[in-house]
Amino acid sequence: MKKECSIVRDLLPLYVEDMVSEETAEYVIRHLDECPECLSELEILKGGAEPRKVEQTPAPKVDSSAPFKKVMKRMNRVFYSLSYSLVIFFIFLGFGWTGGENLMYNSLIMPIVGIFGYCVFGYRSVYKLPLLLLIIDMFVCVFKLVKLDLYSAFMWTIVYSLFVLVGIAIAFLLHYALRKEKD
Ligand SMILES: [Zn+2]
């Protein structure tokens, strides 16, 4: 290293902090014009000095999607209760109103029960749906809302469970297709 370089390197930290006299600054500048090595040393010093000068306080994180999420959560809850009510309503309708043994109506109603039931229970606990069907059917039967003995009511429940399964399969396929589209 040249002697001049050595002097300039010693001065550079002071020069960066603007703590040298005008004459010294001129001297440093003149040298930097001719000496790329010292110039790059200055760049390094400047680069290192910068983060210390600019105290970077991270901006407080504001989750702008929070209100939206809240609305979605509420919507979900409304949707959930609505679906649950519809499931129960359609089971009553399918089993009670049709007298418990009308295949034509129930081949339409029970798949709807399956679709809404899938929304309520989800993929994992959709098995609760036939149980719910059985409970409601037995309830309807025991309280004489239909003229069926328990055995027939049970048998019809099994038949209707198959229709419910069709609805579940439709809902599952729709769910699957929509999720794939999102990806
Ligand atoms: Zn130099």
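It should be noted that the structure appears before, not after, this text.
Since the model is a prediction, treat every value here as computed from it, not as a measurement.

### A few points about the overall build of the protein chain
- What the protein chain contains, in helices and strands, is seven helices and zero strands.
- Scanning the protein chain from its N terminus toward the C terminus, one meets helices and strands in the order α-α-α-α-α-α-α.
- Residues classed as buried in the protein chain amount to 28% of the 183 residues present.
- Partitioning the intrachain contacts of the protein chain with sequence separation of at least 6 by distance along the chain shows that 63% fall at a separation of at least 24.

### Notes on the packing of helix α5 (residues 103-121) against helix α6 (residues 128-142)
- Closest axis-to-axis distance for the α5/α6 pair is 10 Å, and the angle between their directions is 125°. Overall, the two elements α5 and α6 adopt an arrangement that is oblique. α5 and α6 meet at a crossing whose hand is right-handed. Facing Met110, Val113, Gly114, Gly117, Tyr118 and Phe121 of α5, the residues of α6 in contact are Lys128, Leu129, Leu132 and Leu133.

### Quick look at the packing of helix α4 (residues 66-97) against α5
- Contact geometry of α4 with α5 gives a least axis separation of 9 Å together with a crossing angle of 155°. Our classification of the angle between α4 and α5 gives roughly antiparallel. The handedness of the crossing between α4 and α5 is left-handed. Facing Phe79, Tyr80, Ser83, Tyr84, Leu86, Val87, Phe90, Ile91, Leu93, Gly94 and Phe95 of α4, the residues of α5 in contact are Asn106, Ile109, Met110, Ile112, Val113, Phe116, Gly117, Cys119, Val120 and Phe121.
- Its residues assigned to classes, the contact of α4 with α5 shows 17 nonpolar, four polar and no charged.

### Some remarks on the coordination of the zinc ion
- Donor atoms from the polypeptide that coordinate the zinc ion comprise Cys5 (SG), His31 (NE2), Cys35 (SG) and Cys38 (SG), at 2.0 to 2.3 Å from the metal.
- In this structure, the zinc ion is surrounded by four donor atoms whose angles at the metal cover 97 to 116°, and the resulting shape is tetrahedral.
- The motif formed by the donor residues of the zinc ion, counted along the single chain, is C-x25-H-x3-C-x2-C.

### Observations regarding a nonpolar patch on the surface
- Residues Phe92, Phe139, Val142, Phe143, Leu145 and Leu150 make up a contiguous nonpolar surface patch of about 590 Å² in total accessible area.
- Within the secondary structure, leucine 145 is located in the loop between α6 and α7 (150-182).

### Re the nonpolar core
- Counting residues in each nonpolar core, the largest one holds 24 residues, and the members touching the most others are Val87, Ile91, Phe95, Val113, Leu129 and Val164.
- Setting aside its immediate chain neighbours within four residues, valine 87 contacts Val113, Phe116, Gly117, Val120, Leu129 and Leu132.
- In this structure, Val16, Val28, Cys38 and Leu42 belong to the second largest nonpolar core, which totals ten residues.

Definitions and cut-offs
Residues numbered from 1 in each chain as written. Predicted model: local features only at pLDDT ≥ 70, side-chain atom pairs only at ≥ 80, totals over all residues. Heavy atoms only, no water. Helix = DSSP H or I, 4+ residues; strand = E, 2+ residues; numbered from the N terminus. Buried < 20%, exposed > 50% of the residue type's maximum accessible area, 1.4 Å probe, protein only. Contact = heavy atoms within 4.5 Å. Axes fitted to C-alpha atoms, helices over the stretch in contact; angles between N-to-C directions. Parallel < 35°, antiparallel > 145°, perpendicular 65-115°, else oblique. Left-handed = near helix turned anticlockwise from the far one by under 90°. Nonpolar A, V, L, I, M, F, W, Y, C, P; charged D, E, K, R; others polar. Donors = N, O, S within 2.8 Å, 3.2 Å for Na, K, Ca; no water. Tetrahedral: all angles 85-135°; square planar, octahedral: opposite > 155°, others 65-115°. Patch = residues over 30% accessible without salt bridge, like charges linked within 9 Å, V, L, I, M, F, W, Y side chains within 5 Å. Areas by Shrake-Rupley, 256 points an atom, 1.4 Å probe, with all protein chains shown as cover. Salt bridge = Lys/Arg side-chain N within 4 Å of Asp/Glu carboxyl O. Core = buried A, V, L, I, M, F, W, Y, C linked by side-chain atoms within 4.5 Å.

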